[in-house]
Amino acid sequence: MARDNMIVSLDIGSTKVTVIVGDVEQDRQLQVVGFGSVESSGIRKGNVIDIENTVRAIESAIEKAEQMSGRDIDGGYVGITGHSVSSINNRGVVAVSGFDEEITPEDVERVLQAARVIALPHDRKIIHVIPRQFLVDGNENILDPVGMIGSRLEVETHIVTIVNASLQNIVKCCQRAGFQPQELVLNSYASGEAVLYPAEKELGVVVVDIGGGTTDIAIFDQGALWYTAVLPIGGDYITSDLAVGLRTPLTQAEVIKKEHGGTLPALTSDSEFVDVPSVGGRDTFRVSKKMIAAIIEPRVQEIIGLVKNKLDSSGYPGLLPGGIVLTGGTALTQGIAELAVELLQKPVRVGYPEEIGGLADVVHAPECATGVGLLLYAAKSRRLQEENEDSLSMKVMFSRVKQWFQDFF
Ligand SMILES: Nc1ncnc2c1ncn2[C@@H]1O[C@H](COP(=O)(O)OP(=O)(O)OP(=O)(O)O)[C@@H](O)[C@H]1O
Ligand SMILES: [Mg+2]
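Residues numbered from 1 in each chain as written. Chains lettered and ligands numbered in written order. Predicted model: local features only at pLDDT ≥ 70, side-chain atom pairs only at ≥ 80, totals over all residues. Heavy atoms only, no water.

**Thoughts on the nonpolar core**
In terms of nonpolar packing, the biggest core is built from 66 residues, with Leu 10 and Ile 12 touching the most fellow members. Domain assignment of the residues forming this core places at least three in each of domain 1 (85-162) and domain 2 (198-353). Among all residues touching Ile 12, those that are not within four sequence positions of it are Val 17, Ile 43, Thr 54, Ile 58, Val 78, Ile 170 and Cys 174. Listed in part, the 39 residues of the second largest apolar core include Leu 231, Ile 304, Ala 331 and Ile 336. (Core = buried A, V, L, I, M, F, W, Y, C linked by side-chain atoms within 4.5 Å. Buried < 20%, exposed > 50% of the residue type's maximum accessible area, 1.4 Å probe, protein only. Domains from an automatic or database assignment. Contact = heavy atoms within 4.5 Å.)

**What about unusual backbone geometry?**
Positive phi is not limited to glycine here, since Asn 141 has a value of about 60°. With respect to the helices and strands, the residue Asn 141 is situated in strand β9 (residues 139-142). The backbone phi angle of Gln 222 is positive, close to 50°, even though this residue is not glycine. By the element assignment, Gln 222 lies in the loop between β13 (215-221) and β14 (224-231). (Helix = DSSP H or I, 4+ residues; strand = E, 2+ residues; numbered from the N terminus.)

**Section: the packing of helix α1 (residues 51-69) against helix α3 (residues 164-176)**
Orientation of α1 relative to α3, taken along the N-to-C sense of each, is 50°, at an axis distance of 8 Å. As judged from the angle between their axes, α1 and α3 are oblique. When you trace α1 past α3, the crossing you get is right-handed. Counting all contacts with α1, which are made through Ile 51, Glu 52, Thr 54, Val 55, Ile 58 and Glu 59, the residues of α3 involved are Asn 169, Lys 172, Cys 173, Cys 174 and Arg 176. A breakdown of the residues in the contact of α1 with α3 according to their chemical character gives 5 nonpolar, 2 polar and 4 charged. (Axes fitted to C-alpha atoms, helices over the stretch in contact; angles between N-to-C directions. Parallel < 35°, antiparallel > 145°, perpendicular 65-115°, else oblique. Left-handed = near helix turned anticlockwise from the far one by under 90°. Nonpolar A, V, L, I, M, F, W, Y, C, P; charged D, E, K, R; others polar.)

**Focus on a negative patch on the surface**
Together, Asp 100, Glu 101, Glu 102 and Asp 137 give the surface a local cluster of negative charge. Summarising the element assignment, Asp 137 is placed in the loop between β8 (124-136) and β9. (Patch = residues over 30% accessible without salt bridge, like charges linked within 9 Å, V, L, I, M, F, W, Y side chains within 5 Å. Areas by Shrake-Rupley, 256 points an atom, 1.4 Å probe, with all protein chains shown as cover. Salt bridge = Lys/Arg side-chain N within 4 Å of Asp/Glu carboxyl O. Lys, Arg positive; Asp, Glu negative; His and termini not counted. Charge placed at Lys NZ, Arg CZ, Asp CG, Glu CD.)

**Focus on the sheet that holds β13**
On the basis of which strands lie adjacent, the open sheet formed by 5 strands has the order β14-β13-β12-β17-β18 and mixed pairing. Taken across any chain shown, the strands that pair with only one partner, and hence form the sheet edges, are β14 and β18 (348-350). Between one strand and the next, the sheet's axes are offset by a mean angle of 20°, whatever the strand orientation. Taken together, the 4 bridges between strand β12 (residues 205-210) and strand β17 (residues 324-327) define a ladder with parallel strand orientation. (Pairing = 2+ DSSP bridges.)

**Considerations on the domain arrangement of the chain**
What the domain assignment lists for the chain is domain 1 (85-162) and domain 2 (198-353). Computed over C-alpha atoms only, the centres of domain 1 and domain 2 are separated by 37 Å. Contacts between the two partners involve 9 residues from domain 1 and, on the opposite side, 7 residues from domain 2. Interface area, domain 1 with domain 2, both sides summed: about 680 Å², of which 49% is carbon and sulfur. At the boundary of domain 1 and domain 2, one finds 0 salt bridges. Scanning the region where domain 1 abuts domain 2 turns up 4 residue pairs in polar contact (both at pLDDT 80 or more). Within the residue set of the side of domain 1 that touches domain 2, elements represented by two or more residues are β7 (85-95), β8 and β10 (152-163). Class assignment for the residues of the side of domain 1 that touches domain 2 results in 4 nonpolar, 4 polar and 1 charged. (Buried area = accessible area lost by both parts, 1.4 Å probe. Polar contact = N/O pair within 3.5 Å; in protein donor to acceptor, adjacent residues only side chain to side chain.)

**Let's talk about helix α6 (residues 235-246)**
With 12 residues, α6 extends 17 Å from end C-alpha to end C-alpha; this agrees with the ideal 16 Å at 1.5 Å per step. Among the residues of α6, Gly 235, Ile 238, Thr 239, Leu 242, Ala 243 and Leu 246 are the ones counted as buried. For α6, the angular spread of the buried residues around the axis is 140°, confining them to a single face. Within two residues after α6, Arg 247 carries a phi angle of roughly 50°, on the positive side. (Expected span 1.5 Å × (residues − 1). Arc of directions from axis to C-beta.)

In structure tokens:
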């Protein structure tokens, strides 16, 4: 197979670093051909806190993925998250240039450039300028205005920015591990690509990727990204609550959480018990599953409550009929969907990566949503560039980002 078909994603998470290798086949379905995931502690809440540790984790994840796929990996798509990421919606307006008032790709490019002009603190960089919709002479909901007649072209965009130093630290870790970032993509955008159905994205839906150190939120509407936010909280808080509450080491708390954790004490048995090793490992004591659930529940409530606050303040005007899709490792917490239904008063499901072939079962887990989504994003970007040479407005959101991305180096 030609090397050109290969795409690679790198998700540098707070708990693990994952590399996934994909092939875009002739029929365009994405095939997963390699996977490597290793635990890491070099990232906290999405930011690099230990370069050496992060570089080593990236190197070993690459090595595993190379072994499984039989390919050499030297770069690919990298996920970005953390409190240094922020986003705003902005509008650009231009007059259509041609005397016949037919909108050209150049008009689209100009209006996107106009939308990019925002008062940006000098320490921030733009990573995405995503068109939500175009307007021609005030007519809304236009996806591709090229070829249409009009005198005034507007675009509504979602702009994602990141603190330059955080971005440079991520890029530095990648490069030191021999991995050249081709493009940086917001984690929640990627996770949405992996776990949302196109119909949900059309209707209005929220993806909430609850990882170890961060909770990444994205609202999709009419097929496009409408709003994004990152909360510096995740499943690691639940683990430390359990460690403190049960007086057990963090490693044991993590095992107990994954094997016996539930969020709904009311539905959890108080006649089932779990052996919990004490700090220092000398004694073991018995704790009911109900008590474990009683420790987990308030923290999950807090996370979902913070998600609700973000959604309430997002300014999104719709009702989100597509509901909420929870993903990321913490979405595996038993009872979390039920609790979220109660708190958010919306349909909730747990999202697993879909629309992939090959070794799909290896990555069929909520914690792989970002990694798989990055691959799907890369495949889509490639497809749009190959197929839609005329449809600049569709492909521009991918290709322009690439061009702007060159500025980072
Ligand atoms: N079965 C499970 N039940 C409860 N929690 C789980 C389960 N499996 C994994 N987790 C939790 O999911 C979290 C890791 O999720 P994930 O791999 O998505 O995070 P990450 O991508 O490394 O971090 P982040 O996205 O925050 O940077 C950990 O807190 C882990 O304890
Ligand atoms: Mg993650």
